[in-house]
Structure formats: structure tokens, C-alpha cells
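Now for the letters of each chain:
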Amino acid sequence: MRHEYQPPRRRSRLTRRGRLALFLGMMLAIGAAALFPLLRNGDAPEKPRQLTIPEGWRAPQVYAAIDRELKLPAGSTKAAVPTAGLALPTEAKGNPEGFLFPATYPVTSKSTPAALLAYMVDTANRKLAAKAVADGSKAHGMTPYQTATLASIIEAEAESRSDRGKVARVVHNRLARSMPLQMDSTINYALGRSTVDTKLSETRIDSPFNTYERQGLPPTPIDSPGLEAMTAAVAPTPGDWLFFVTVKPGDTRFSATYEEHRKHVAEFNRIRAGAGAGASTGTGSGTREAAAGPARAGSRAG
């Protein structure tokens, strides 16, 4: 039986590019096979918790909130400040008061006090560098640190958005006339409290934060101001006011003369007396203390 001649079949040979493609395909397949159980059995990505810092909180309140959120012993966050490498202005001398920007921050199991503090300070610096705030600061001849300090007073004193610009104007008008600010909010900061009842004797305490005895802004901010307070600090509402008093919640009276201010203080005292509260001497520029609690009224800056 005859067989027709058939030439031998040539084995197909992979080119160098083909061999590389085959090798990579095998490696990807092996990698996928190894990774699949990990994806199927491993933990899902951690969902961050949220830490909210309200406007007007002082540094010790922020420290305590971080300690609680991270479940650390009390004082841990405060102790981390000196070594946290915070991007603070030279004027701050390492004190982050006023630069722990009020906002909501993500927190995970890997969060540390230093990282959270740095995040807050960086946020404050960005807000102070915003064009409207930065340009306004320059127009008033103020450094970012001075802007933060003035804004912290506004945050403590103003009850509403519309009041912020007016409180800022009172501060600017007093500074322009070389008048002491006479803000109870700075007295409260010096005494580590939050109240609307400031005694005459307390306006004579020996403290750099006593703005009854010392002219100009206090040496540091007195709380954590928000962006609205920062904006008001450099863009005050036009006016000739030198005094203000929150007669009752939602009713802050601004005055250009001391005589008019005294009338408003008298009304405030009548309302307070009717509620069984003490009266105010009403010798300062104005008040509304709410740095650590709900809105309250008073006769001087609280």
C-alpha cells in the first residue's frame, strides 16, 4: 500500500514577545488565585469615625475630645503637642490655641493625637490663607495670628452671623481709639471658665488676658474660631459702635455712646432680676459668652 509522502510538521515556536505574554499571564493567574481567598476572607476596609470640633472650643476641650475618641488616658493629647511638629506661626510660641480649626475630622484605629492636631492646624492655616481672609488681614495691617486672635473674641462674643461683623467693628473701633477692649470673654479665659457674670473685682485681675487693664488684643487666641469669625475679623460691618450687650437671646444691642449702652444694660439687668439672676455692672464694651455651651446673654464681653 502506497503512502503519500507528507513532510514533517513543524512545531510552532513562541516568539520572545509571546513567551513574555504567556509568562505574565501565568503570574497574573497565580496572583489572582492567591489573592482571591484574601479578598473573600479578609476584613473590609475600615470605615472612619467622625470627630467634630465645634466653633468656640478652647484647646483643653479639643485635647479632651481627642483623648476620648482615641480611648487614651486623659492628658495624652496635651502631652503630644510639643513633639507633634505643628505648623504654627512663630507668634504662637508652640501654643496651638486658636489654630485647632473647628470642623469634622476622620478618625481610624491608626489615628494619633499628633496626626489629628496637625490636621487641625493645617486646616486653620489654609482658612487664614484664603484670599478674602488674607487680603483683609493685610488691609488692616494684621498678621494671620492677630486675625485668629481677633476672630476668637468674635467667636466667643457674637450670637449670630449678623452680629459677628458688628462685634468685629466694636473691636476695630476700640483699637483705633486706643481704648481697652474690656471683653469679659478674655477674663473668662484667664480664669478658665465660661460665664456672663463678671464681678468688678475680676476686671482687676493681674493677667495678660485682662483686656480691662491692658490695651490691644490678648496675647493669644481664646478659642477655636471658625471661618465666618475669621472673615468678620477682617471685614467688619461699617458702624460707629463702641459697646454692645445681649439683652436676651437673639437681641444684642450695639451702641455708639456709653449712655445708650447703660440703658441697654439696665434692661438686661431687669430681665435678669425677673429671672432671679444677678445683675451686671455693665462697665465694659459688651457681652455674649458661649465659648463652651449654649448661647447666653450678658452685659459685657463674655
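Data block above holds the structure.
Residues numbered from 1 in each chain as written. Predicted model: local features only at pLDDT ≥ 70, side-chain atom pairs only at ≥ 80, totals over all residues. Heavy atoms only, no water.

Enquirer: How do you make sense of the packing of aromatic side chains when you look at a structure like this?
Expert: Working definition: an aromatic ring pair is given by the centre-to-centre distance plus the angle between the planes. A full pass over the atoms with the stated rule returns six aromatic pairs. Residues Y105 and Y119 carry aromatic rings whose centres are separated by 5.0 Å and whose planes lie at 75° to one another, so their mutual orientation is edge-to-face. A residue pair is termed long-range when its members are at least 10 positions apart, and Y105 in strand β2 (residues 104-107) and Y119 in helix α4 (residues 113-128) qualify at 14 residues. For Y105, a relative accessible area of 2% translates into the label buried. Consider the rings of W241 and F254, whose centres lie 5.8 Å apart with planes at 55°: the pair is tilted. Taken as a pair, W241 in the loop between α9 (227-234) and β3 (243-248) and F254 in strand β4 (residues 251-255) lie far apart in primary sequence, 13 residues in all. Of the residues examined, W241 reaches a relative accessible area of 16% and is grouped as buried. Among the aromatic residues, ring-to-ring pairing joins W241, F244 and F254 into one connected group. Seen from the ring of F243, R174 lies directly overhead, with NZ or CZ sitting 5.1 Å from the centre. (Phe/Tyr/Trp six-rings, centres within 6.5 Å; stacked < 30°, edge-to-face > 60°. Helix = DSSP H or I, 4+ residues; strand = E, 2+ residues; numbered from the N terminus. Buried < 20%, exposed > 50% of the residue type's maximum accessible area, 1.4 Å probe, protein only. Lys NZ or Arg CZ within 6 Å of the ring centre and 35° of its normal.)

Enquirer: Quick question: what am I supposed to make of helix α8 (residues 184-191) here?
Expert: In an α-helix, one turn spans 3.6 residues; hence positions three or four apart end up facing the same way. Of all eight residues that make up α8, six are buried, and the element is covered over most of its length. Listed in full, the buried residues belonging to α8 are D184, S185, T186, I187, N188 and Y189. Buried positions along α8 lie against α6 (144-157). Looking one or two residues beyond α8, the residue adopting positive phi is G192, at roughly 65°. (Contact = heavy atoms within 4.5 Å.)

Enquirer: Can you walk me through helix α5 (residues 131-139) in this structure?
Expert: Along α5, the residues classified as buried are V133, G136 and S137. For α5, the angular spread of buried residues about the axis comes to 100°, placing them on one side. In α5, the exposed positions that point more than 90 degrees away from the buried face belong to K131, K138 and A139. Elements that come into contact with the buried residues of α5 comprise α4, α6 and α9. Just downstream of α5, G141 is the residue with a positive phi angle, here 70°. (Arc of directions from axis to C-beta.)

Enquirer: I would appreciate a short explanation of the nonpolar core in the present structure.
Expert: Side chains of nonpolar character tend, in soluble globular proteins, to be buried together. Among the nonpolar cores identified, the biggest contains 51 residues, and L51, I53, I66, F99, L100, M120 and I154 are the most heavily contacted of them. The residues contacting L100, other than those within four sequence positions of it, are I53, A59, V62, Y63, L117, M120, V121 and S224. (Core = buried A, V, L, I, M, F, W, Y, C linked by side-chain atoms within 4.5 Å.)

Enquirer: What exactly am I supposed to notice about the packing of α5 against α9 here?
Expert: Between two packed helices, what matters for the description is the angle formed by their axes and the separation of those axes. At their nearest, the axes of α5 and α9 sit 8 Å apart, and the two run at 30° to each other. As summarised for this structure, α5 and α9 are arranged roughly parallel, according to the angle between their axes. Handedness of the crossing formed by α5 with α9: left-handed. Across the interface between the two elements, A132, V133, G136 and S137 of α5 pack against L227, M230, T231 and V234 of α9. Taken together, the residues that form the contact of α5 with α9 break down as five nonpolar, three polar and no charged. (Axes fitted to C-alpha atoms, helices over the stretch in contact; angles between N-to-C directions. Parallel < 35°, antiparallel > 145°, perpendicular 65-115°, else oblique. Left-handed = near helix turned anticlockwise from the far one by under 90°. Nonpolar A, V, L, I, M, F, W, Y, C, P; charged D, E, K, R; others polar.)

Enquirer: Which parts of the structure should I look at to understand the side chain of R174?
Expert: Within the element layout of this structure, R174 appears in helix α7 (residues 161-176). One buried charged side chain, R174, makes no salt bridge at all; its nearest oppositely charged neighbour is D184, positioned 9.9 Å away. Within the local environment of R174, its side chain forms a polar contact with the backbone oxygen of P180, the two atoms lying 2.5 Å apart. (Lys, Arg positive; Asp, Glu negative; His and termini not counted. Salt bridge = Lys/Arg side-chain N within 4 Å of Asp/Glu carboxyl O. Polar contact = N/O pair within 3.5 Å; in protein donor to acceptor, adjacent residues only side chain to side chain.)

Enquirer: How do you make sense of the pattern of salt bridges when you look at a structure like this?
Expert: A side chain with one charge can pair with a side chain of the opposite charge if their charged atoms come near. Summed over all chains, the structure comprises nine salt bridges. Taking the shortest distance from any N to any O, the salt bridge between R193 and E202 comes out at 2.8 Å. Since its relative accessible area comes to 15%, E202 is described here as buried. Where R214 meets D206, a salt bridge forms, and the shortest distance between an N and an O atom there is 3.6 Å. Owing to a relative accessible area of 73%, D206 belongs among the exposed residues under this scheme.

Enquirer: What is the right way to read unusual backbone geometry from this model?
Expert: Note on backbone geometry: most residues besides glycine have negative phi, and most peptide bonds are trans. We note that K93 has phi near 55°; this positive angle belongs to a residue other than glycine. Structurally, K93 is set in the loop between α3 (76-80) and β2. Relative accessible area serves as the criterion here: at 77%, K93 is assigned to the exposed category. Within the chain, Q182 stands out as a residue other than glycine whose phi angle is a positive 50°. Along the chain, Q182 falls in the loop between α7 and α8. Under the relative-accessibility criterion, Q182 is labelled buried at 17%.

That is the geometry; function is a separate question.
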